[in-house]
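Each chain, written out:
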Amino acid sequence: MPVRQTLSKPDIQLSYLEWNQGQEPLLLLHGLGDHALVWSSLGDCLAADYHIVAPDMRGHGQSSKPEIDYSFESAIADLEALMDSLGWTFAHIVSHSWTGKLAAIWARQNPKRLRSIILVDPIFIWKMPSLLRVTFPMLYRFLPFLKSMGPFASQEEAEQQARQLKQYQGWSSLQEQVFQAGIEQKPDGSWGSKFTIAARDGIFEAVMQVPGFTIPLDTPALFVQPKQGLNRQNWQIQPYKTYLQNLRICQVPGNHWPFLTQPEAFNQTVAAFLAEHKSKIS
């Protein structure tokens, strides 16, 4: 079982889960609106061989939720401060959705920090046209996973909504735990996600402004492509083939959240790739 820890930085408190049985550093980065507990099945699976840390990214979960500064620079600074506090010079990175773009940016800015990267159904890899900014309010309303933000009149109403979302398809005990850990009662008595509107807006703004790829990268990379995920067309995957010079693509069952909907197959895929790139001396 992981232990909940906190890193105190000058600007924020960064909450994270830690499995501290193995030695090889492994950092697990959740996607937009999620939190560290989504990785609990993978963490438990790999704990014997890896020193695993899964942070709640700023604006998410139990980490601080500033009103401003959701840039990639700040998020990467959070992660490097976390690695420094753990005494890690490098780590393998598993990243989902939006943090797949973060991992690509990090790999070109400071490649020595990333021993390998696993991109789980990543999105928004390109710099987005500024014209799309006017569509953000519509996206916020219709993107299914954002419907869990609330507000809801009761916890029961929030759960009814969650059960209809793809990440909770099947409503396993793992999915129920993830849902319960990501929701809270607000000061006005309503219920809603711990993920904040400021974080949502700030991250979308950063995603729009910053390109993921600008130069070729030789970091060993695995693109995890769920069969019912978001990346189903070749044009979506082509940028990764173009810029990641040491890339493998692997299909897994499930949707955009295979670690929640098909965790066993997902865990096996990740474990096999990591085993190939594990350090000879940890």
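Here the structure is shown first, and the text comes after it.
In this report, the structure presented in the accompanying data block is examined. Since we're looking at a predicted model, the values are computed, not measured.

What counts, and where the lines are drawn
Residues numbered from 1 in each chain as written. Predicted model: local features only at pLDDT ≥ 70, side-chain atom pairs only at ≥ 80, totals over all residues. Heavy atoms only, no water. Pairing = 2+ DSSP bridges. Helix = DSSP H or I, 4+ residues; strand = E, 2+ residues; numbered from the N terminus. Axes fitted to C-alpha atoms, helices over the stretch in contact; angles between N-to-C directions. Contact = heavy atoms within 4.5 Å. Buried < 20%, exposed > 50% of the residue type's maximum accessible area, 1.4 Å probe, protein only.

Moving on, we get to the sheet that holds strand β5 (residues 91-96). By definition, the strands of a sheet pair up through backbone hydrogen bonds, in either a parallel or an antiparallel sense. Spatial strand order, β1-β2-β4-β3-β5-β6-β9-β10: eight strands in an open sheet with mixed pairing. The open sheet has two edge strands with one neighbour each: β1 (3-8) and β10 (247-255). Across this sheet, the average inter-strand angle for adjacent strands is 25°, counted without regard to direction. As judged from the six bridges shared by β5 and strand β6 (residues 114-120), these two strands associate in the parallel manner. The residue bridging Ser95 from the neighbouring strand is Leu119, located in β6. Along the sheet, helix α3 (residues 98-109) contacts β3 (24-29), β5 and β6; its crossing angle with β5, the most-contacted strand, is approximately 145°. Running over the sheet, helix α10 (residues 263-277) touches β3, β4 (50-55), β5, β6, β9 (221-228) and β10 and is turned about 160° from β6.

With respect to the secondary-structure elements, Ala104 resides in helix α3. Note on Ala104: relative accessible area 3%, which makes it buried. Between the C-alpha atom of Ala104 and that of Tyr240, which follows or precedes it by 136 residues, the distance is 9.6 Å. Residues within four places of Ala104 in sequence aside, it is in contact with Ile125, Gly212, Phe213 and Leu217.

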